[in-house]
Amino acid sequence: MDLTALLLSRIQFAFTITFHIIFPSFTIGLAAWLTVLETLWIATGRPAYRVIFDFWLKIFGVAFGLGVVSGVVMAFQFGTNWSVLSKVAGPIQGPLLMYETFTAFMLEASFFGVLIFGRSRVPPWFYLFSTAMVALGTTFSAFWIMVNNSWMQVPSGYVMENGSFVPNDWTKIIFNSVVWSRFPHMLLASYLTGAFCVAATGAWYVLRKEYHAESRIMLRMGLGLAAVLMPIQLFFGHLNGIYVNTYQPSKMAAIEGRWNDEKPAGEVLFARPDVENRRNRFAIRLPPPFGSLIDSDSLTAGETGLNSIPLENWPPVVVPFFAFRIMVGCGLLMLGLAWLGSYLSYRHRLAYNRPLLWLTFLSFPLPFVAIITGWFTAEVGRQPWVVYGVLRTANAVTPFLTAREATISLAIFCSVYAFIFLFGTFYIYRLIRIGPARKPFEVPHLVVPNRPMSLADEEPMPVPSHVIAGE
Amino acid sequence: MVMFWVSLLAISILLYVLLDGVDLGVGLLFGLSNGEARRGAMLSAVAPIWDGNETWLVVTAVILWGAFPLVYATLLSAFYLPLIVMLAGLILRGVAFEFRYKTQRLRWIWDLSFAGGSLIATFIQGVTVGALVEGLQFTNGEYSGGAVGWLTPFTVLCGIGLCLGYALLGACWLVRKCEGEVRDIARRQIPVLAVGVLAFLVVVFAYALAENLPILHRWIDRPYLFVFPAIGAIAATVLALSVLNHNDYLPFHMVALIFMSAFGTLALSFWPYMIPFVITVDQAAAPQSSLVFMFWGCGVIVFPLMLIYTLVSYSVFRGKVWASGGYGH
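Residues numbered from 1 in each chain as written. Chains lettered and ligands numbered in written order. Predicted model: local features only at pLDDT ≥ 70, side-chain atom pairs only at ≥ 80, totals over all residues.

### Some words on the overall build of chain B
Thought 1: Along the backbone of chain B there are 13 helices and five strands.
Thought 2: Relative to the globule expectation of 20 Å for 329 residues, the C-alpha radius of gyration of chain B, 20 Å, shows essentially globular dimensions.
Thought 3: Within chain B, the fraction of its 329 residues that count as buried is 50%.
Thought 4: Long-range pairs, those at least 24 residues apart, make up 78% of the contacts in chain B between residues at least 6 apart in sequence. (Helix = DSSP H or I, 4+ residues; strand = E, 2+ residues; numbered from the N terminus. Rg over C-alpha atoms; globule rule 2.2 N^0.38 Å. Buried ≥ 20, exposed ≤ 12 C-beta atoms within 10 Å, placed from the backbone. Contact = placed C-beta atoms within 7 Å.)

### Remarks on the nonpolar core
Thought 1: Counting 243 residues, the largest nonpolar core has A:Ala226 and B:Leu168 as the members making the most contacts within it.
Thought 2: In terms of residue count, the dominant contributor to this core is helix 2 (residues 47–81) of chain A (21 residues).
Thought 3: Ignoring sequence-local partners within four residues, the contact set of B:Leu168 consists of B:Gly25, B:Ile190, B:Leu193, B:Ala194, B:Val197 and B:Val255. (Core = buried A, V, L, I, M, F, W, Y, C linked by C-beta atoms within 7 Å.)

### Let's talk about the domain arrangement of chain A
Residue and element names in this part refer to chain A.
Thought 1: In terms of domains, chain A is made up of domain 1 (3–256 + 310–456) and domain 2 (262–303).
Thought 2: Inter-centroid distance (C-alpha atoms) of domain 1 to domain 2 is 31 Å.
Thought 3: With nine residues of domain 1 at the contact, the number on the domain 2 side is nine residues.
Thought 4: Secondary structure elements with two or more residues in the side of domain 1 that touches domain 2: helix 9 (212–247), helix 10 (249–256) and helix 12 (318–346).
Thought 5: For the side of domain 1 that touches domain 2, a count of residues per class yields five nonpolar, two polar and two charged. (Domains from an automatic or database assignment. Nonpolar A, V, L, I, M, F, W, Y, C, P; charged D, E, K, R; others polar.)

### Section: the interface of chain B and chain A
Size of an interface, as often reported, equals the accessible area lost when the parts are brought together.
Thought 1: Residue-level contacts link 62 residues of chain B with 56 residues of chain A.
Thought 2: Counting only elements with at least two residues in the side of chain B that touches chain A, the list comes to helix 2 (36–46), helix 3 (50–67), helix 4 (69–78), helix 5 (80–99), helix 13 (288–316) and strand 5 (321–322) of chain B.
Thought 3: Among the elements that line the side of chain B that touches chain A, the one with the most residues is helix 5 of chain B, at 14 residues.
Thought 4: Of the residues that constitute the side of chain B that touches chain A, the class distribution is 43 nonpolar, 14 polar and five charged.

### Points about the environment of A:Ala265
Thought 1: In this fold, A:Ala265 is placed in the loop between helix 10 and strand 3 (267–274).
Thought 2: On a C-alpha basis, the gap between A:Ala265 and A:Asp169 in space is 37 Å, while along the polypeptide they are 96 residues apart.

### Re the pairing of strand 3 of chain A
Residues and elements named next belong to chain A.
Thought 1: As defined by bridge partners, strand 3 adjoins strand 4 (residues 279–286) across six bridges and the pair is classed as antiparallel. In the strand pairing of strand 4, aspartate 274 is matched with arginine 279.
Thought 2: Connecting strand 3 to the antiparallel partner strand 4 that follows it, the hairpin turn spans four residues, and arginine 278 within it adopts a positive phi of roughly 50°. (Pairing = 2+ DSSP bridges.)

Next up, the structure:
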């Protein structure tokens, strides 16, 4: 087994999954927001809600399409690069991912089609129902992914037979407590992503003095939603910390930059971990018992330090340590922005406060950065295990994979992804720059549920219609 | 339970080959065509269906992983480079559909990636089947053929063969879906491609004889397998007649039948092996608890719904696409 092929496989997985998560986290939030908009449109009949709905549906289409394309790769990568993992954990991970794929297909196949075709063909309540079903479908998709990943973090409900994980209790796998703190955390993160993208777009239009009614609705709703959700998100983040501390002490020690066992423990706010000398440089600390309070909800609990964990079970310390702080930093910035913005909006002063509008406009990367660094914390912090405590990452990689093959594949993925990402974001940017259309939304020709991105076509396909055979 | 998942897997693979074979084949012919009018018509003949077709590849992958993890792990890792190149090809082809009409100036980029992506993906699928027929190198149940163990003259031949085959399927689809110039050119392409496929089959058979491939012994053991080539031969005859009679609908069905008989031949000569002649179906199957867990949700409910959905979406887009006035002149 070649160490370099292992490292390259890890980089490749990190690269492709990081690229992928950008789109689902955006579309899950957006689908929920579309449901809210459609409800408001039906309840109030205010045209602006309808205009905003149609506008964001187009953006949803492009982002959804890019998510599907980059998701196909994930279905193969477990087998190509992690053949040992997919073989021995396949009996558990395979069915979970099958449920994910099938759920996603159901969503794409049925209700998304209604969303695109149907406004004129179905009654309003059914259109709303379909929107809600699309939101529910994306949520289910995320749920299965979180069940799968949570099982890798805290494996349960299985027995080992001939070196393979054999499931013997699916309820334990699906309904364990770890899933139920991690899944809401991810879901809320997606909602916040949607909220900040909407608020930032609204702020941009206010600054450009365009789309008066629509921009104010986007700004107010985006920030208002974030103001409510952000504290809940912090609470679930805290619950996640408790699970990490209970089940994965090595990850917690790395996140906290804690080298020695402490009872009660202090809390490192910021530092530069010096792994070689096993200490922190430039540390800013809170005294005990703040560490115990944050990690264990206790004034007296003892917390594990890295020194009492065998070196071969250490995760890389620096990545989880900094990634976690970047995530929390983004979260606090979003909280401040959402609360201040909502307060000013309540006092009807937000639209005249240009600095805050600029800040809101520029805030849209924050939720993405928070999600990506959060996942870095979770996944790098789980190392050196791929199935925590049971299967090491180094033993899970395809044994005969060479560094050369892995280099070639990584280069292919980087160039193809860079290429399509460039065009994809450019097309989304262009849609947002053009803004919502005032005239009633017409479905372009040949748009089908399987081609979500065609909603945003500038020029319809040159062949306009189908005739039924025999006509 | 194992047989249930074997059948679902077989249906998924066959559907993938037949359905995505159509749009990959059209992609290949697209590379040979010129003129925006023709290209536009060819694209619209497959635009509404390509993504749904490709879904069956993902369905195949997750059924393999969930129900036959050993085969999933072994095959995907053995075909490391070709699979990743194929995925890149499929991605490029897929986004080409979407991005082509969002630009005028850069349209050539997407045309290139549409044709190129189709070519790469098709060629690699052919190579993969060829490598399975020829037999991959295994030591103690683990692949040991190296990075390019799948690359031999025989597999390259199979890659070219599948390009011809998909192109034939694509041409028949165009005859069925289009009118005017596009249909006429496609109809002229059918005999050329069909003769190409026939020549390919003869060469493959000769090669198998010369190299004494293990799969040949299955044929001697199981003479009933010759039913499939017989069906194929009848279908080929009907194909030739229908092209001569300028029938628009029969050729596609006949080529589909030829593909099905080829699939049946391969599947039954492999049986009970999934990777010939190393891993059998029973060795590869996931534990009962996994198969049962998937059975109720995915197997009994969602999979039939997916089949129905495929049927419905094809019937929505049945009939000819036609070029309207105001375009192409």
